Amino acid sequence: MLKTPIYLDNNATTPMDPRVLEEMLPFFNESFGNAASRNHSFGWTAEEAVDYARERVAKLINSSPKEIIFTSGATESDNLAIKGVFEMYAAKGNHIITVATEHKAVLDSCKHVEKLGAQVTYLTPSADGLVSIEQIKEAIRPETILITIMYGNNEIGVVQPMQEISALARANNILLHTDATQAVGKIPVDVEADGIDLMSFSAHKMYGPKGVGALYVRRKNPRVKVTAQMDGGGHERGMRSGTLNVPGIVGFGKACELCMNEMESEARRLSAMRDRLEAELLTMEESYVNGNRNHRLPHVSNISFKYVEGEGLMMGVKDIAVSSGSACTSASLEPSYVLKSLGLDDDLAHSSLRFGLGRFTTDEEVDYAINHVKTAVNKLREMSPLWEMFKDGIDLKSVEWQEH
Ligand SMILES: *Cc1c(COP(=O)(O)O)cnc(C)c1O
């Protein structure tokens, strides 16, 4: 028997891999030292563990260990990158380019620096979620100091053309930050090949612990600096003070090593599973995949079911843990701003489900999800007057609705 609810929300967070937990455990009590304690073996043991983790993290993204700044997660990394660059490069300019479909940690950091005098351009992606190089090129000004564009989108999985974006940034002497939280560990991300200057990522999205992440900060060609947002003992090359979360960092390191070794086979397995899920759900009429289907992460599918009411859909699929079209702000009934940025109308945005497959998702669970969603959608449509009209061939756009 399958255990329900079934977890298909791996973009929100992932369960920790047991191999990660095992490596972390000794660092809670036996080896509890402060990695900054230079005078005794308790500190040295902790420091050694952090150094080793830093190497493993760096290896996954092809950076130097010195370029890894440990943080509390991707939210903090995004804040540090955007606010830190804005402050550090104030003399050079005040203009930042980003995209409307970014994570709130990026958008709200941009809003914050706007209040301090930054000019921010929020690009609207095309209907498939991709931004074009021409679009970015047109937005560049002499005062542009930073382009911040996510690697892979958390809601629809679309992967942006990072190498083309970085070539453009380089040619114009502009720094490139990317929120790669959904991409690192899932697809090959290489800060050298991809030409990235700053990059945020997080352990709990890749089978590591919550509360730990990193900001990659390039050290040469060019040497990048950010103004610290957390002042104190000068840890992490002065860019992020605070006693290091040693068990978390150890877990992050192990999680990176596992992704390094298993990413290729895992991506193959998950994309096959994702394709099967999609093919099955698209056998239902009036079902649409959101976002570009060729340039995307292997484990994500976001599907809208037309003529289905959003709240009813979420209730109908309560045996599977998925996100609805109101993903990160699900407390409100506002449809997802990401889907709205693609031009989806409220109905389609509301009636969408995000499926996030993961390392521990099984074929059986996917079968269950397929049947469960099909049943729910069919049932809701049977009760829907709109669906009935659609089946009767009535063009709903031509109907004049009674105001009330
Ligand atoms: C989850 C996520 C974040 C936030 O990461 P935390 O480590 O939870 O702060 C930021 N950006 C993206 C794209 C994410 O998916």
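**Q** Looking at this model, I keep getting lost on the nonpolar core. Mind explaining?
**A** Inside soluble globular proteins, nonpolar side chains tend to come together where they are buried. Counting 54 residues, the largest nonpolar core has Met199, Phe201 and Phe252 as its most contacted members. Ranked by the residues each element gives to this core, the list is headed by helix α2 (residues 41-61), at 8 residues. Both domains that furnish three or more residues to this core are identified here as domain 1 (6-11 + 263-387) and domain 2 (18-258). When residues no more than four places from it in sequence are discounted, the contact partners of Met199 are Ile61, His177, Thr178, Ala180, Val184, Val189, Val191, Ala214, Leu215 and Tyr216. Core analysis: the second largest hydrophobic core is formed by 25 residues, Leu8, Val322, Ala376 and Leu380 among them.

**Q** Help me understand the site of the ligand, please; the structure alone is not making it clear to me.
**A** Surveying the vicinity of the ligand reveals the residues Gly73, Ala74, Thr75, His103, Met150, Asn154, Asp179, Thr181, Gln182, Ser202, His204 and Lys205. A distance of 2.6 Å is found between an oxygen atom of the ligand and a side-chain nitrogen or oxygen belonging to Thr75. The separation between an oxygen atom of the ligand and a polar side-chain atom of Gln182 is 2.7 Å. Notes on the ligand: free accessible area 380 Å², of which the protein chains cover 87%. Partitioned by chemical class, the residues of the shell around the ligand number 2 nonpolar, 8 polar and 2 charged.

**Q** Explanation requested: the packing of aromatic side chains in the structure shown.
**A** The description of an aromatic ring pair rests on the distance of the ring centres and on the angle between the ring planes. If you walk through the whole model with that rule in mind, you get 7 aromatic pairs. The interplanar angle of 85° and the centroid separation of 5.9 Å between the aromatic rings of Tyr207 and Phe360 together place this pair among those described as edge-to-face. Pair noted here: Tyr207 is in the loop between β7 (198-202) and β8 (213-217) and Phe360 is in the loop between β13 (352-356) and α11 (363-382), with a separation of 153 residues, a long-range link. Look at Tyr207 and you get buried, because its relative accessible area is 1%. Connected via pairs of aromatic rings, a cluster forms that spans Phe70, Phe201 and Phe252.

**Q** Help me understand unusual backbone geometry in this model?
**A** Excluding glycine, residues mostly carry a negative phi; peptide bonds, for their part, are mostly trans. That bond from Thr4 to Pro5 is cis: its omega, -5°, falls within 30 degrees of zero. If you trace the backbone, Pro5 turns up in the segment before β1 (6-7). Here the bond from Asn221 into Pro222 is cis, since omega is -5°, no more than 30 degrees from zero. With respect to the helices, strands and loops of the structure, Pro222 is situated in the loop between β8 and α7 (246-281). The phi torsion at Asn221 lies on the positive side, around 55°, for a residue other than glycine.

**Q** Sorry, what's going on with the pattern of salt bridges here?
**A** When their charged atoms lie close together, side chains carrying opposite charge are able to pair. For the coordinates displayed, the defined rule picks out 24 salt bridges. One salt bridge connects Asp17 with Arg359, and the closest N-O pair in it is separated by 2.9 Å. Taken together, the residues Asp17 in the loop between β1 and α1 (18-24) and Arg359 in the loop between β13 and α11 connect sequence positions 342 residues apart. Considered together, Asp17 and Arg359 belong to a single accessibility category, that of buried residues. Residue Arg296 pairs with Glu278 through a salt bridge whose shortest N-O separation is 2.8 Å. Of this pair, Arg296 sits in the loop between β9 (287-289) and β10 (300-305) while Glu278 is found in helix α7, placing the two residues 18 residues apart along the sequence. Accessibility classification places Arg296 together with Glu278 in one group, the buried group.

What counts as what
Residues numbered from 1 in each chain as written. Predicted model: local features only at pLDDT ≥ 70, side-chain atom pairs only at ≥ 80, totals over all residues. Heavy atoms only, no water. Core = buried A, V, L, I, M, F, W, Y, C linked by side-chain atoms within 4.5 Å. Buried < 20%, exposed > 50% of the residue type's maximum accessible area, 1.4 Å probe, protein only. Helix = DSSP H or I, 4+ residues; strand = E, 2+ residues; numbered from the N terminus. Domains from an automatic or database assignment. Contact = heavy atoms within 4.5 Å. Near = heavy atom within 4 Å. Polar contact = N/O pair within 3.5 Å; in protein donor to acceptor, adjacent residues only side chain to side chain. Areas by Shrake-Rupley, 256 points an atom, 1.4 Å probe, with all protein chains shown as cover. Nonpolar A, V, L, I, M, F, W, Y, C, P; charged D, E, K, R; others polar. Phe/Tyr/Trp six-rings, centres within 6.5 Å; stacked < 30°, edge-to-face > 60°. Salt bridge = Lys/Arg side-chain N within 4 Å of Asp/Glu carboxyl O.

None of this, on its own, says anything about what the molecule does.
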